[in-house]
Amino acid sequence: MRKRSRALDPQRSAADKQANSVIAAMPPRIPDSVLELEEATQLLGYYLRDRGALRHPQIEMLTELVGAVPRLEDAPGWKLALKRVRADRIARSA
């Protein structure tokens, strides 16, 4: 039986795409504490709800916590990544 190339294997390329999107979805900096992770997640939620219209102090705080303000299409991935990091840190400390 002949081996399929990676480019022609739909399951493999879907997994590769998912792995690449997870890497691309990480913010430039991950907050150190669980409290900062929660705050960054909440700010990203406001950012998504208001379609990018945050007040200046909120933008400064988000930048301080995660290193940048995401593009609107990247914000859901950043939020999900931070939620996963938070859950992982809570599980480790329990």
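Our subject in this report is the structure included herewith.

What counts and how
- Within each chain, residues carry numbers counting from 1 in the order of the written sequence.
- pLDDT decides what is reported in this predicted model: residues at 70 or higher carry local features, side-chain atom pairs at 80 or more are listed and counted, and totals for whole chains, interfaces and linings draw on all residues regardless.
- The side-chain numbers reported here are obtained from all heavy atoms of the structure, hydrogens and water having been left aside.
- Put simply, DSSP marks the helices as runs of H or I at least four residues long and the strands as runs of E at least two long, and each gets a number from the N terminus on.
- Think of a polar contact as two N or O atoms within 3.5 Å of one another; within protein, one of them needs to be a possible hydrogen donor and the other a possible acceptor, and neighboring residues in sequence only count if both atoms come from side chains.
- Between two residues, a contact is recorded if the distance between any of their heavy atoms is within 4.5 Å.
- A pair is scored as a salt bridge if a Lys or Arg side-chain nitrogen falls within 4 Å of a carboxyl oxygen belonging to Asp or Glu.
- Accessibility here uses a 1.4 Å probe with only protein chains present; expressed as a share of the type maximum, an area under 20% marks a residue as buried, one over 50% as exposed, and anything in between as partly exposed.

## As for the side chain of T41
- When you line up the elements, T41 lands in helix α2 (residues 34-49).
- A polar contact of 2.8 Å, which involves the side chain of T41, links it to the backbone oxygen of L37.
- Discounting residues that sit within four places of it in the chain, T41 has contacts with K79, L82 and K83.

## Description of the pattern of salt bridges
- Counted under the stated rule, the structure contains five salt bridges.
- Here E73 ties to R71 by a salt bridge, and the two come within 3.3 Å at their closest N and O atoms. Note on accessibility: E73 and R71 belong to one class, exposed.

## Regarding unusual backbone geometry
- In this model, R51 sits at a positive phi of 55 degrees, which is unusual for a non-glycine residue.
- Turning to its location among the elements, R51 is positioned in the loop between α2 and α3 (56-66).
- For R51, a relative accessible area of 68% gives the class exposed.

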